[in-house]
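# Observations on chain architecture
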Amino acid sequence: MAKHLEGKTAIVTGGAGGMGSWICRIFAEQGAKVIVADTGADVEGRMGVDPTRVNAVVDEITAAGGEAVAAIGDVSEMDVAEGLVRTALERWGKLDILVCAHGILRERMIFNMNEEEWDDSVKSHLKGCFAPTKFASIYWRQERQGGRIIYFTSGAGQRGEAGQPNYSAAQQGKVGLMLSCAQALSRYGVTANCIAPAASTRMTDRGRSVDREGPAPSLSAAGTKMDPKNVVPAIVYLASDEGGSVTGRVVGTTGHEFTIWREPFRDQSIFSQSPFWDIDELFEQMPRTLAVHDLAPPEPAFP
């Protein structure tokens with residue numbers, strides 16, 4: 001089997017999670033040296049810092065002949081994020097890949113959500129991508145040898161989710177951050193993309209359609225199309241040298257299907273030839289034109 005990431009070094013945040021741990025394992029199988037970065041907390045991010053699961057992933061990789069180190073901490077903290085990049089440079093002399101697969105859930109309807117639930121979710125997801133990207137991009141700008149940024153977004157960000165206003169906002173924010181990085185860093189050979197996955201993990205175990213009284217679906221996902229392992233091949237490609245032609249895109253990984261998502265675009269337009277739209281005229285025209293169409297958001301294509 002070819003090793004498509006031979007000689008690469010990677011930081012994987014959320015590296016002890018259901019999705020992140022598979023990224024770390026397969027990256028190592030593909031020849032990359034991996035920093036497994038995680039807090040070891042629960043899905044809500046409320047358990048504090050627990051190195052047990054993080055160290056278990058590292059031990060599994062090293063036992064299989066790969067090379068990995070653990071990094072325990074909150075990646076949304078600037079000093080922790082800077083330390084991840086420093087660890088890669090001090091230990092292996094370079095950094096090639098940054099994958100941000102971390103995140104928490106604090107579900108609540110918008111009218112019930114408190115400030116802490118909003119702030120903690122946005123900080124974890126969005127600042128948790130900004131912070132390591134800042135320090136990785138400083139290095140890539142200096143070296144001008146290229147790099148790969150891969151964030152995780154969600155259908156909740158692209159289509160919204162009623163009980164997850166904080167999560168939805170952060171996921172869409174990642175797309176904007178990714179697009180900005182793709183433009184700003186292309187001159188240095190750096191690509192930036194988002195993965196929009198569908199897989200059965202601890203996070204999706206909390207879905208509205210899940211029977212909370214029964215066993216968690218993620219416990220029986222192995223070997224099925226919802227196995228988180230199915231998501232990783234597309235990430236390997238984006239992280240590789242061959243993936244350098246893909247940047248500024250959202251890549252869907254749904255079961256056994258990979259897709260490229262189309263970014264928002266103008267659907268239909270109406271025009272006024274006058275310097276300013278007359279409000280009364282607009283009220284006349286809207287029911288005949290744009291408002292004739294169903295403007296409600298479609299249902300999410302995946303979790």
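It should be emphasised that the depicted structure is a prediction, and the values quoted were computed from it without experimental measurement. (Residues numbered from 1 in each chain as written. Predicted model: local features only at pLDDT ≥ 70, side-chain atom pairs only at ≥ 80, totals over all residues. Heavy atoms only, no water.)

The next point concerns the pattern of salt bridges. Applying the stated rule across the entire model yields 9 salt bridges. Here D96 ties to K94 by a salt bridge, and the two come within 3.4 Å at their closest N and O atoms. We classify K94 as partly exposed; its relative accessible area is 28%. One connected set of salt bridges, linked through shared partners, spans D74, E77 and K123. (Salt bridge = Lys/Arg side-chain N within 4 Å of Asp/Glu carboxyl O. Buried < 20%, exposed > 50% of the residue type's maximum accessible area, 1.4 Å probe, protein only.)

One pass over the full model with this rule turns up 0 aromatic pairs. Lying across the ring of W22, R25 places its NZ or CZ 4.7 Å from the centre. Sitting above the plane of the F135 ring, K134 keeps its charged end 5.8 Å from the centroid. (Phe/Tyr/Trp six-rings, centres within 6.5 Å; stacked < 30°, edge-to-face > 60°. Lys NZ or Arg CZ within 6 Å of the ring centre and 35° of its normal.)

What follows concerns the pairing of strand β7 (residues 249-254). Alignment of strand β6 (residues 190-198) against β7, held across 6 bridges, turns out to be parallel. Bridged to A196 within β7 is G252. Alignment of β7 against strand β8 (residues 257-261), held across 5 bridges, turns out to be antiparallel. Paired with T253 across the strands is F258, a residue of β8. In this structure, the hairpin formed by β7 and β8 is closed by a connection of 2 residues, where G255 is found at a positive phi of approximately 60°. (Pairing = 2+ DSSP bridges. Helix = DSSP H or I, 4+ residues; strand = E, 2+ residues; numbered from the N terminus.)

In terms of nonpolar packing, the biggest core is built from 34 residues, with I35, L95, W140, I149 and Y151 touching the most fellow members. Within the residue set of this core, elements represented by two or more residues are β2 (33-38), β3 (68-72), α3 (78-92), β4 (97-100), α4 (115-143), β5 (147-152), α6 (165-185) and β6. When residues of this core are assigned to their parent elements, the largest contribution, 6 residues, is made by α4. Apart from residues lying up to four places away in sequence, I35 is in contact with A10, I11, V12, V69, A71, L84, T87, A88 and W92. Membership of the second largest hydrophobic core comes to 33 residues, among which are I23, C24, I26 and I195. (Core = buried A, V, L, I, M, F, W, Y, C linked by side-chain atoms within 4.5 Å. Contact = heavy atoms within 4.5 Å.)

All quantities given are derived from atomic positions and should not be read as evidence of function.
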